[in-house]
Amino acid sequence: MTSRPAPSCDLRQTWAFLRDPAAFTAGPGLSMGDHYRLRIPGHRMHVVSDPDLVEQILVRRADSFVKGRIYWRELRRTLGDSMGALDGERWAYLHRVQHPFFTPRAVRGYARVIEDRVRNHLDGVADGTPVPLLASLSRLKAEIVLAALFGQTSPSGTHEVVRRMAEGNDLAYWMTKFPWRPYLGRINGAHRRAENLLDFFDALRAQLHGERPGGPETLLTALEGVATDESAPAMPADLTRNEIVFHLGASTETQAAAEGWALYLLWRHPEVRERVRREVDGLGEDAPLGFEDIPKLEQTRRVLDEALRLFPPVHGIVRESTEDVLVGGRLRARVGDTVLVSVHALHRSPRWWTSPQAFEPERFLPARRAGYHRFQYVPFGAGRHVC
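1. Overview of the overall build of the protein
Within the protein, the regular secondary structure consists of 18 helices and seven strands. In terms of overall dimensions, the protein is globule-like: its C-alpha atoms have a radius of gyration of 22 Å, near the 21 Å expected for 387 residues. A principal-axis box enclosing the C-alpha atoms of the protein has dimensions of 60 × 55 × 40 Å. Expressed as a percentage of its 387 residues, the buried residues of the protein come to 47%. Of the side-chain charges in the protein, 52 are positive and 48 negative, and the distance between the mean point of each set is 6 Å.

Below, the structure written as structure tokens:
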């Protein structure tokens, strides 16, 4: 089988991509089709926004596409080795260790903690004083994760945790945006700032260990038990710290951005906002909403789905080819090639969506959703690394 040659970016297009990958792939890049190539120093990259190719890369042929050099190497260097940045045997082991804490039953068990943290958080902003939305949501997410997963008893100091997480994300993004920046980081102090961040989270790990309550096992105790598990593959000594950082990173800025965009879209569309309000009010005012009420919030779910389509928390998913491979008869990747699954482009492509730039929650009505390709909507990725 021979592959059709994919279009390649010229120098002007490549520079536009490097300056703002999300804006380019969901803007000018759409005119290049759902698979095109570009070259940046040290890397040969394929950009993909075709659901069939997405399925092959992230699911059916996932062993051929792993977390490689671009983004992942600098993330590991900045925030340490963790399940979120690993592949292979170590990822599989950590997934088994942590999976019991993310089952539906486990999540139901966090409901009381989540309710308490939300109530306390809203009490602090209920006087009508304007608050920075993204920072406020990020702090709430950090408070919930630290309490539910790691047993933190007091949310004091969460402002600083969120600030440090934002700094770490900025550092990882800065060092991966252009290929030469990891080397420049040794000169301008970026590497030293990353080391200081890890020192801060070492202190947070020690604090959480000191607050560890008795009773049921938490994710913290499970992670601390890895060091004495003879069946565990080789893990870094600072694994617990790294996993705390990973779960904070996966739950602060990304989730806060998703919810922030949803609230922004509701503000821009008062008629949709009113439908959501009526749906919530229809569940009654006698008691707070509970876990069992979530399936009843159908309109709210459609709003969140549409917000995630327009503004996915992660604009792209980066993988590196482990072998020479032909995918879908179209994408011929050589060993070491980088593949970017452009979630932003996939979600805004007129090939897959009607009026893709419009905010239309009704596109996620069950009858319409049934007609979509399973992999044309992947706000949290797909396959074994799905969030």
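Now that the structure has been shown, the text picks up again.
2. A few points about empty space enclosed by the protein
A probe as big as a water molecule, rolled over the atoms, marks out the empty space that is left. Counted under the stated rule, the structure contains one cavity of 30 Å³ or more. What the largest cavity holds in volume is close to 40 Å³. Of the residues belonging to the lining of the largest cavity, the class tally is five nonpolar, one polar and three charged.

3. Quick word on a nonpolar patch on the surface
Taken together, the side chains of Trp261, Tyr264 and Trp267 define a hydrophobic patch exposed on the protein surface, amounting to about 350 Å² of accessible area. Looking at where tyrosine 264 falls in the secondary structure, it is placed in helix α14 (residues 253–268).

4. Focus on the nonpolar core
With 50 residues, the main nonpolar core has Phe17, Met45, Phe150, Phe201, Leu204, Ile244 and Leu248 as its most contacted residues. Leaving out residues up to four positions away in the same chain, phenylalanine 17 has contacts with Phe24, Thr25, Leu38, Met45, Val47 and Leu340. Grouped together as the second largest cluster of nonpolar side chains are 18 residues, Leu53, Phe65, Val327 and Val378 included.

5. Description of the confidence of the model for the protein
For residues with low pLDDT, the predicted coordinates do not support detailed interpretation. Of all residues in the protein, 97% have pLDDT values of 70 or greater, and the mean over the chain is 89. The secondary-structure element of the protein with the lowest mean pLDDT is helix α10 (residues 181–188), recorded at 74, while helix α16 (residues 298–310) shows the highest, at 97.

6. So, the packing of helix α8 (residues 133–148) against α14
At a closest axis distance of 8 Å, the pairing of α8 and α14 adopts a crossing angle of 130°. Judged by the inter-axis angle, α8 sits oblique to α14. Read as a crossing pair, α8 and α14 show a hand that is right-handed. Packed against α8, whose contacting residues are Leu133, Leu134, Leu137, Ser138 and Lys141, the element α14 presents Glu253, Gln255, Ala256, Ala257, Glu259, Gly260 and Leu263 at the interface. Each residue belonging to the contact of α8 with α14 can be placed in one class, and the counts come to six nonpolar, three polar and three charged.

7. Some points on helix α11 (residues 190–211)
Along an α-helix, residues three or four apart share an orientation, since each turn contains 3.6 residues. Between its terminal C-alpha atoms α11 stretches 32 Å, which fits the 32 Å expected from 22 residues at 1.5 Å a residue. If you check which residues of α11 are buried, you get Ala190, His191, Ala194, Leu197, Leu198, Phe200, Phe201, Leu204 and Leu208. Buried residues of α11 fall within an arc of 165° about the axis and therefore sit on the same side.

8. Topic: the environment of leucine 86
Turning to its location among the elements, leucine 86 is positioned in the loop between α4 (72–79) and α5 (88–98). Owing to a relative accessible area of 5%, leucine 86 belongs among the buried residues under this scheme. Residues within four places of leucine 86 in sequence aside, it is in contact with Lys67, Arg76, Asp81, Trp91, Leu94 and His385.

9. Thoughts on the environment of lysine 296
Counting through the fold element by element, lysine 296 comes out in the loop between α15 (270–281) and α16. In this structure the C-alpha to C-alpha distance between lysine 296 and serine 64, which are 232 residues apart in sequence, comes to 40 Å. Not counting residues within four places of it along the chain, the set of residues in contact with lysine 296 comprises Glu279 and Leu283.

10. Some points on the pairing of strand β7 (residues 338–342)
In regular strands, side chains alternate between the two faces of the sheet. Counting buried positions over the five residues of β7 gives five, a clear majority of the element. Both faces of β7 are covered, namely the face carrying Thr338, Leu340 and Ser342 and the face carrying Val339 and Val341. Here four bridges tie strand β2 (residues 43–48) to β7, and the two strands are oriented parallel to one another. Directly across from histidine 46, in β7, lies its bridge partner valine 339. Across five bridges, the pairing between strand β4 (residues 316–321) and β7 is antiparallel. Looking across to β7, one finds that valine 318 is bridged to leucine 340.

11. What to know about unusual backbone geometry
Of note in this structure, serine 355 is not a glycine but carries a positive phi near 50°. Residue position: serine 355 is located in the loop between α17 (343–348) and α18 (366–369). We classify serine 355 as partly exposed; its relative accessible area is 40%.

12. Digging into helix α13 (residues 239–251)
Helix length check: α13 (13 residues) gives 18 Å between terminal C-alpha atoms against 18 Å at 1.5 Å per residue, within 8%. Here α13 lies mainly inside the structure; 11 of its 13 residues are buried. Inspection of α13 places Leu239, Thr240, Arg241, Asn242, Glu243, Ile244, Val245, His247, Leu248, Gly249 and Ser251 among the buried residues, and these make up the whole buried set.

13. Looking at the packing of α14 against α15
Running from N to C, α14 and α15 point in directions that differ by 110°, and their axes come no closer than 5 Å. What the angle tells us is that α14 and α15 run roughly perpendicular. Mapping the contact onto sequence places Leu266, Trp267 and Arg268 in α14 and Pro270, Val272, Arg273 and Val276 in α15. Class assignment for the residues of the contact of α14 with α15 results in five nonpolar, no polar and two charged.

14. Topic: the environment of leucine 133
Within the secondary structure, leucine 133 is located in helix α8. Separated by 226 residues in sequence, leucine 133 and phenylalanine 359 place their C-alpha atoms 21 Å apart. Leucine 133 has contacts with Gly260 and Leu263, leaving out every residue within four places of it along the chain.

Calculation criteria
Residues numbered from 1 in each chain as written. Predicted model: local features only at pLDDT ≥ 70, side-chain atom pairs only at ≥ 80, totals over all residues. Heavy atoms only, no water. Helix = DSSP H or I, 4+ residues; strand = E, 2+ residues; numbered from the N terminus. Rg over C-alpha atoms; globule rule 2.2 N^0.38 Å. Buried < 20%, exposed > 50% of the residue type's maximum accessible area, 1.4 Å probe, protein only. Lys, Arg positive; Asp, Glu negative; His and termini not counted. Charge placed at Lys NZ, Arg CZ, Asp CG, Glu CD. 1 Å grid on protein atoms, 1.4 Å probe; cavity = no way out; pocket = protein on both sides within 12 Å on 5 of 7 lines; lining within 4 Å. Points joined across faces, edges and corners; volume = space filled by probe spheres on them. Nonpolar A, V, L, I, M, F, W, Y, C, P; charged D, E, K, R; others polar. Patch = residues over 30% accessible without salt bridge, like charges linked within 9 Å, V, L, I, M, F, W, Y side chains within 5 Å. Areas by Shrake-Rupley, 256 points an atom, 1.4 Å probe, with all protein chains shown as cover. Salt bridge = Lys/Arg side-chain N within 4 Å of Asp/Glu carboxyl O. Core = buried A, V, L, I, M, F, W, Y, C linked by side-chain atoms within 4.5 Å. Contact = heavy atoms within 4.5 Å. pLDDT = per-residue confidence, 0-100. Axes fitted to C-alpha atoms, helices over the stretch in contact; angles between N-to-C directions. Parallel < 35°, antiparallel > 145°, perpendicular 65-115°, else oblique. Left-handed = near helix turned anticlockwise from the far one by under 90°. Expected span 1.5 Å × (residues − 1). Arc of directions from axis to C-beta. Pairing = 2+ DSSP bridges.

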